[in-house]
Amino acid sequence: AQSVTQLDSQVPVFEEAPVELRCNYSSSVSVYLFWYVQYPNQGLQLLLKYLSGSTLVKGINGFEAEFNKSQTSFHLRKPSVHISDTAEYFCAVIAYGGATNKLIFGTGTLLAVQP
Amino acid sequence: KAGVTQTPRYLIKTRGQQVTLSCSPISGHRSVSWYQQTPGQGLQFLFEYFSETQRNKGNFPGRFSGRQFSNSRSEMNVSTLELGDSALYLCASSPPGPPYEQYFGPGTRLTVT
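Counting restarts for each chain, with residues numbered from 1 along the sequence as it is written. Chain labels run from A onward and ligand labels from 1 onward, assigned in the order the entries are written. At least 70 in pLDDT is required for a residue's local features to be given in this predicted model, at least 80 for side-chain atom pairs to be given and counted, and no such filter applies to totals for whole chains, interfaces and linings, which use all residues. Heavy atoms from the whole structure form the basis of all side-chain values; hydrogens and water molecules are not counted.

Strands here mean DSSP runs of E at least two residues long; helices mean DSSP runs of H or I at least four residues long; both are numbered from the N terminus. Within chain B one finds 0 helices and 11 strands. Along chain B, helices (α) and strands (β) appear in the sequence β-β-β-β-β-β-β-β-β-β-β when read from the amino end. Two things to know: the radius of gyration comes from C-alpha atoms, and the globule rule equals 2.2 Å times the number of residues to the power 0.38. Compactness check: chain B gives a C-alpha radius of gyration of 13 Å against a globular reference of 13 Å for 113 residues, within 12% of the reference. The C-alpha extent of chain B, read off along each of the three principal axes, is 40 × 25 × 25 Å. Across chain B, contacts joining residues at least 24 apart in sequence account for 52% of those joining residues at least 6 apart. Throughout, a contact is declared for two residues whenever any of their heavy atoms are within 4.5 Å.

Moving on: the interface of chain B and chain A. Facing the 23 residues of chain B at the interface are 19 residues of chain A. Basic side-chain nitrogens of Lys or Arg form a salt bridge, by our definition, when they fall within 4 Å of a carboxyl oxygen of Asp or Glu. Put simply, B:Glu101 and A:Lys49 hold a salt bridge, and the shortest N to O gap is 2.9 Å. Each polar contact in these results corresponds to two N or O atoms within 3.5 Å; when the atoms are within protein, one needs to be able to donate a hydrogen and the other to accept it, and residues that are neighboring in sequence are counted only if both atoms are side-chain atoms. There are 4 residue pairs in polar contact (both at pLDDT 80 or more) connecting chain B and chain A. Put simply, the parts of the chain that give the side of chain B that touches chain A at least two residues each are strand E4 (31-38), strand E5 (42-50), strand E6 (53-57), strand E9 (87-94) and strand E10 (103-104) of chain B. When residues in the side of chain B that touches chain A are grouped by element, the largest group, 4 residues, is from E4(B). Gly is put with the polar residues, along with every residue not named as nonpolar or charged; the nonpolar set is Ala, Val, Leu, Ile, Met, Phe, Trp, Tyr, Cys and Pro, and the charged set is Asp, Glu, Lys and Arg. A per-class count over the side of chain B that touches chain A returns 11 nonpolar, 7 polar and 5 charged.

What follows deals with the sheet that holds strand E7 (residues 64-68) of chain B. Hydrogen bonds between backbone groups are what pair the strands of a sheet, and the pairing can be parallel or antiparallel. All names here are of chain B. Between any two strands, at least two bridges found by DSSP are needed for them to pair. Across the sheet, which stays open at both edges, the 4 strands sit in the order E1-E3-E8-E7 with antiparallel pairing between neighbours. Each end of this open sheet is capped by a strand with a single partner; those strands are strand E1 (5-7) and E7. Here the average twist between neighbouring strands, direction ignored, is 20°. Relative to strand E3 (residues 19-24), E1 runs antiparallel, the two sharing 3 bridges. Within the sheet, the bridge partner assigned to Thr5 lies in E3 and is Ser24. Note on method: axes are straight lines fitted to C-alpha atoms, helices fitted across the in-contact stretch only, with angles between N-to-C directions ranging 0 to 180 degrees.

Moving on to the packing of aromatic side chains. Aromatic pairing here means that ring centres of Phe, Tyr or Trp (its six-membered ring) are within 6.5 Å. Orientation follows from the plane angle: under 30 degrees is stacked, over 60 is edge-to-face, and everything else is tilted. For the structure on display, the rule yields 14 aromatic pairs over all chains. Taken together through their ring pairs, the aromatic side chains of A:Phe34, A:Tyr36, A:Phe90, A:Phe105, B:Tyr35, B:Phe45 and B:Phe104 make up a single cluster. Put simply, a charge is over a ring when the Lys NZ or the Arg CZ is close to the ring centre, within 6 Å, and near the line of the ring normal, within 35 degrees. Over the face of the ring belonging to B:Phe50 we find B:Arg55, whose NZ or CZ atom lies 4.4 Å from the ring centre.

Each nonpolar core is a collection of buried residues, namely Ala, Val, Leu, Ile, Met, Phe, Trp, Tyr and Cys, held together in the definition by side-chain atoms within 4.5 Å. Only protein chains enter the calculation, and the probe is 1.4 Å; a residue is then buried if its accessible area is under 20% of its type maximum, exposed if over 50%, and partly exposed in between. A:Trp35, A:Leu48, A:Phe74, A:Leu76 and A:Tyr89 are the most contacted members of the largest nonpolar core, which totals 29 residues. Elements represented by at least two residues in this core include exactly strand E2 (10-14), strand E3 (19-21), strand E5 (31-38), strand E6 (44-50), strand E8 (64-68), strand E9 (73-78), strand E10 (87-95) and strand E12 (109-114) of chain A. For A:Leu48, the contacting residues outside a window of four places in its chain are A:Leu33, A:Phe34, A:Trp35, A:Val57, A:Lys58, A:Gly59, A:Phe63, A:Glu64, A:Ala65, A:Phe74 and A:Leu76. Formed by 21 residues, the second largest nonpolar core is a distinct cluster that contains B:Val32, B:Trp34, B:Tyr89 and B:Leu110.

Moving on: the pattern of salt bridges. Residue and element names in this part refer to chain A. On inspection of all chains with the given rule, the structure shows 11 salt bridges over all chains. Between Lys58 and Glu64 there is a salt bridge; the shortest N-O distance is 2.8 Å. Given a relative accessible area of 22%, Glu64 falls into the partly exposed group. The network of salt bridges with shared partners includes Glu20, Glu66 and Arg77.

Structural data, given as structure tokens:
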């Protein structure tokens, strides 16, 4: 079974400051890793994904994430945030080679960007 | 390509009633999954359909059911609605092949009174 932990329920940050949203996962098999963003009253939008290869993946809106196998982490970063980045961010995994496409989500981190 | 569409976007029902939500996946996607999102429980997997067959099911009571049609469109049904069923119901579709990333629709906001 897989599980995802997002330790920070809320991260306040000032505009133009860097930010890191933390994600750790647990799985007995290899997983694909994803970050999604949800703006108020909207569905989830895929930010980026990690399959294999380079451990640093770049996504949309200037976000990037680094996969660390030894620490089973997949932290999301942005060097300079904007007010428009205020949203909830979800880390998720899918088991590699599994028979279904069941996404396991973390509990989400609310990124609150202040002017 | 058009994204995942869900209808209706908002719905208000009374306890005891039943409801049907609809989802149209991205063209070419044959896998459709449903999730329930609530402030208390977060995002929870309901079920997944692939080629008209339910491939996986989450831990929800039998009042929650779904189906998929030959054109990959999917519906989910909730019978005998309870107050606790108030939630945002999200549908997602996946392209064939790994990593099976899911693309979500805008959701249906169901309020049960």
